[in-house]
Amino acid sequence: MKSRARLAALGAVSAVAVSVPLAVVLTADAAVTSLATGRPATASSIEDASLGPAAAVDGDTGTRWASAEGPGTQWLSIDLGAVTAVNRVVLRWEAAYARAYRIQVSADGATWTDAFATTTGNGRTDDLTGLTATGRHLRVLATRRGTQWGYSLYEVEVYGGGSAPASPTAPPATVAPTSVPPTTAPPTTAPPTTVPPTTAPTTPPTTAPPTGVDLDDPRKKDVAMQIVSTAENSSTNWRGQFGYIEDIRDGRGYTAGIIGFCSGTSDMLALVQEYTRRKPDNVLARYLPALRAVNGTASHAGLDPDYPRDWRTAAADPVFQQAQEDERDRQYFNPSLKQAKADGLRALGQFAYYDAAVMHGFGGMKSVRAQALKKAKPPSQGGDETAYLHAFLDARVAEMKKEAAHDNTTRVDTAQRVFLNNGNLDLNTPLVFKVYGQTFRIN
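Residues numbered from 1 in each chain as written. Predicted model: local features only at pLDDT ≥ 70, side-chain atom pairs only at ≥ 80, totals over all residues. Heavy atoms only, no water.

The chain is annotated in an unreviewed UniProt entry as F5/8 type C domain-containing protein of Spirilliplanes yamanashiensis.

1. Some details on the overall build of the chain
Within the chain one finds eight helices and 15 strands. Here the chain holds 443 residues, and 56% of them are scored as buried. Contacts in the chain between residues at least 24 apart in sequence constitute 69% of all its contacts with a sequence separation of at least 6. Counting every atom, the chain has about 17,300 Å² of accessible surface; 53% of that belongs to carbon and sulfur. (Helix = DSSP H or I, 4+ residues; strand = E, 2+ residues; numbered from the N terminus. Buried < 20%, exposed > 50% of the residue type's maximum accessible area, 1.4 Å probe, protein only. Contact = heavy atoms within 4.5 Å. Areas by Shrake-Rupley, 256 points an atom, 1.4 Å probe, with all protein chains shown as cover.)

2. Remarks on the pairing of strand E7 (residues 98-106)
Counting buried positions along E7 gives eight out of nine residues, so the element sits mostly inside the fold. Relative to strand E9 (residues 125-145), E7 runs antiparallel, the two sharing eight bridges. Its bridge partner lying in E9, Gln104 is registered against Arg139. Where E7 lies against strand E8 (residues 113-118), five bridges are found, and the strand directions are antiparallel. Looking across to E8, one finds that Val105 is bridged to Thr113. (Pairing = 2+ DSSP bridges.)

3. Notes on the pattern of salt bridges
Side chains that carry opposite charge are capable of pairing whenever their charged atoms lie near each other. The tally for this structure, following the rule as stated, stands at 31 salt bridges. Residues Arg92 and Glu157 are paired through a salt bridge, measuring 2.6 Å at the closest nitrogen-oxygen approach. Of this pair, Arg92 sits in strand E6 (residues 74-93) while Glu157 is found in strand E10 (residues 152-159), placing the two residues 65 residues apart along the sequence. Here Arg92 and Glu157 have matching classes, each one buried. A salt bridge links Arg278 to Glu274, with the nearest nitrogen and oxygen atoms 2.7 Å apart. Of this pair, Arg278 and Glu274 both sit in helix H2 (residues 267-278), separated by four residues, roughly a single helical turn. A relative accessible area of 33% means that Arg278 is categorised as partly exposed. Given a relative accessible area of 15%, Glu274 falls into the buried group. Each of the salt bridges in this network shares a partner with another, and the network as a whole consists of Lys221, Arg239, Glu325, Arg328 and Asp329. (Salt bridge = Lys/Arg side-chain N within 4 Å of Asp/Glu carboxyl O.)

4. With respect to the sheet that holds strand E11 (residues 245-247)
Pairing in this open sheet of three strands is antiparallel, and the strands run E11-E12-E13 from one edge to the other. Of all strands in the sheet, those with a lone pairing partner are E11 and strand E13 (261-262), marking the two edges.

5. Structural notes on the packing of helix H6 (residues 347-373) against helix H8 (residues 410-421)
One way to put it is that H6 packs onto H8 with a least axis distance of 10 Å and a crossing angle of 165 degrees. By the criterion of interaxial angle, the relationship of H6 to H8 is roughly antiparallel. Note that H6 runs across H8; the crossing there is left-handed. Between H6 and H8, the contacting residues are Leu348, Phe351, Ala352, Asp355, Val358 and Met359 on the first element and Arg411, Gln416, Phe419 and Leu420 on the second. Looking at the contact of H6 with H8 residue by residue, the classes come out as seven nonpolar, one polar and two charged. (Axes fitted to C-alpha atoms, helices over the stretch in contact; angles between N-to-C directions. Parallel < 35°, antiparallel > 145°, perpendicular 65-115°, else oblique. Left-handed = near helix turned anticlockwise from the far one by under 90°. Nonpolar A, V, L, I, M, F, W, Y, C, P; charged D, E, K, R; others polar.)

6. With respect to the confidence of the model for the chain
Should pLDDT be low for a region, the predicted coordinates there are not to be read in detail. Predicted confidence across the chain gives a mean pLDDT of 83, with 81% of residues reaching 70 or more. Considering each helix and strand of the chain separately, the mean pLDDT is smallest for strand E2 (residues 25-26), with a value of 39, and largest for helix H3 (residues 288-294), with 97. pLDDT under 50 marks residues 1-31. Its contacts with residues more than four places away, or in other chains, come to 123 contacts. Here residues 162-207 is modelled with pLDDT under 50, and outside its nearest four sequence neighbours on either side it reaches 85 contacts, counting other chains as well. (pLDDT = per-residue confidence, 0-100.)

7. With respect to the packing of aromatic side chains
Overall, the coordinates contain eleven aromatic pairs when judged by the stated rule. In this structure an aromatic cluster arises from ring pairing among Tyr254, Tyr275, Tyr287, Tyr307, Trp311 and Phe320. We note Lys221 situated over the ring of Phe333; from NZ or CZ to the ring centre the distance is 4.6 Å. (Phe/Tyr/Trp six-rings, centres within 6.5 Å; stacked < 30°, edge-to-face > 60°. Lys NZ or Arg CZ within 6 Å of the ring centre and 35° of its normal.)

8. A short note on helix H7 (residues 385-400)
The end-to-end C-alpha distance of H7 is 22 Å, a good match for the 22 Å that 16 residues give at a rise of 1.5 Å each. Burial in H7 covers these residues: Glu385, Tyr388, Leu389, Ala391, Phe392, Leu393, Ala395, Arg396, Val397 and Met400. Against the buried residues of H7 lie H6 and H8. Measuring from the side-chain oxygen of the N-cap residue of H7 to the backbone nitrogen of Thr386 gives 3.2 Å; that N-cap residue is Asp384. (Expected span 1.5 Å × (residues − 1). Polar contact = N/O pair within 3.5 Å; in protein donor to acceptor, adjacent residues only side chain to side chain.)

9. Re the packing of H6 against H7
Direction vectors running N to C along H6 and H7 enclose 85 degrees, while the axes themselves pass 9 Å from each other. The orientation of H6 relative to H7 falls into the category roughly perpendicular.

10. Details of unusual backbone geometry
The peptide bond linking Asp304 to Pro305 adopts the cis configuration, its omega dihedral lying at 5 degrees. Among the secondary structure elements, Pro305 is positioned in the loop between H3 and helix H4 (307-314). Put simply, Thr429 and Pro430 share a cis peptide bond, and its omega is 5 degrees. Looking at the element boundaries, Pro430 is found in the loop between H8 and strand E14 (431-435). Positive phi values are uncommon outside glycine, yet Tyr436 reaches one of about 55 degrees. Within the element layout of this structure, Tyr436 appears in the loop between E14 and strand E15 (438-442).

11. A word on helix H5 (residues 318-342)
When the terminal C-alpha atoms of H5 are compared, their 34 Å separation across 25 residues agrees well with the 36 Å that a helix rising 1.5 Å per residue should span. Where H5 begins, the capping side chain belongs to Asp317, and its oxygen is found 3.0 Å from the backbone nitrogen of Val319. Directly beyond the C-terminal end of H5, a positive phi value near 80 degrees is found at Gly344.

12. Details of the nonpolar core
Counting 72 residues, the largest nonpolar core has Tyr307, Trp311 and Phe392 as the members making the most contacts within it. The biggest single contributor to this core is H6, with 13 residues. Excluding residues that lie within four positions of it along the chain, Trp311 makes contacts with Phe242, Gly243, Tyr244, Ile245, Ala256, Gly257, Met268, Leu271, Val272, Leu284, Phe320 and Gln324. With 30 residues, the next largest nonpolar core counts Val86, Ala133, Ala142 and Val158 among its residues. (Core = buried A, V, L, I, M, F, W, Y, C linked by side-chain atoms within 4.5 Å.)

If you want it as structure tokens, here you go:
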């Protein structure tokens, strides 16, 4: 049993679009108009009606946007009105800040490109200069919380196309939160300069996989990993997730890495054991007794407070990265493909098994398969492949809805089911699909 289910909160409140009168953000140099000020803004969710997205672009650092509380990816998107260069973005966080977030741009509001990303945010004001992006729409995509709450921004300022001041200016004083602050106070010192991640976003393969190949073709496998990452991380950049670690309060302890290894479900323990076998003096080896003790529970006993920091340190080690990929394959990818091939399924069915194993564990995937077999036969038993896959996806949705952390089923309904309805049983690219309302394209 495992899954981050990090995007479930997106369905909590419908996206809200609001425009506000034009205002001016004052800097220490002069009055400079942010390209975002007064522009229409939308958000994945809001905490309540008084904390809508328009408050983050009204030029007033006494008002703010706040997402729904709890774990999960959330976003704030701004329509700048026309395609324009963006070379600086200023984020003025409330106490509820993002530990990891991306600044993205888009020409059409559907296909997004990263202009900046970090996994080490620590709140207050982030003044991001030297950006080289172009787009009509700009989005702040928050993927990991820095507190027990959601995400909240007093103001988002965007400069470019000649609107930015010549040099960064001192931010205004932080405004005290208007709601009850989280129990974990925001940092009291100025954040370090945030730099782009060293891992570049994953780019699509230069040559598309041939049609009719299995999911273990390296190019097809990369496509599969990108699809899974859209649900797990709201990004196709699956290689950027080796250092991810968070307790998403789903009863499985810490969730981490490229596939959501959990301290409470034995796969994280197996991973750290394998890493230690390959590199005995690694930074995580000392946590093995604690990982054995908390296995099967939600406890952090023996892991806090340094385990997340040390996990992120280990994530820079190529040995640990390879161990993550190998354990992903051993525990989830390889057994799922073996079963799918035995059932006579092509790449889409192989992916459906694998994605189910990612969320429910391989044993959980087999339980979903058992339910599907009550309704339809796979090709290996003389059944129709499409009918069987519909039965499998139906059983998968029913399983997901048993847990509140998994009950948003769009990774099936608006992704896998779309491929199936299009007759794309070989999972051929290009793929255009939605996960939690966000559109993705894999070429």
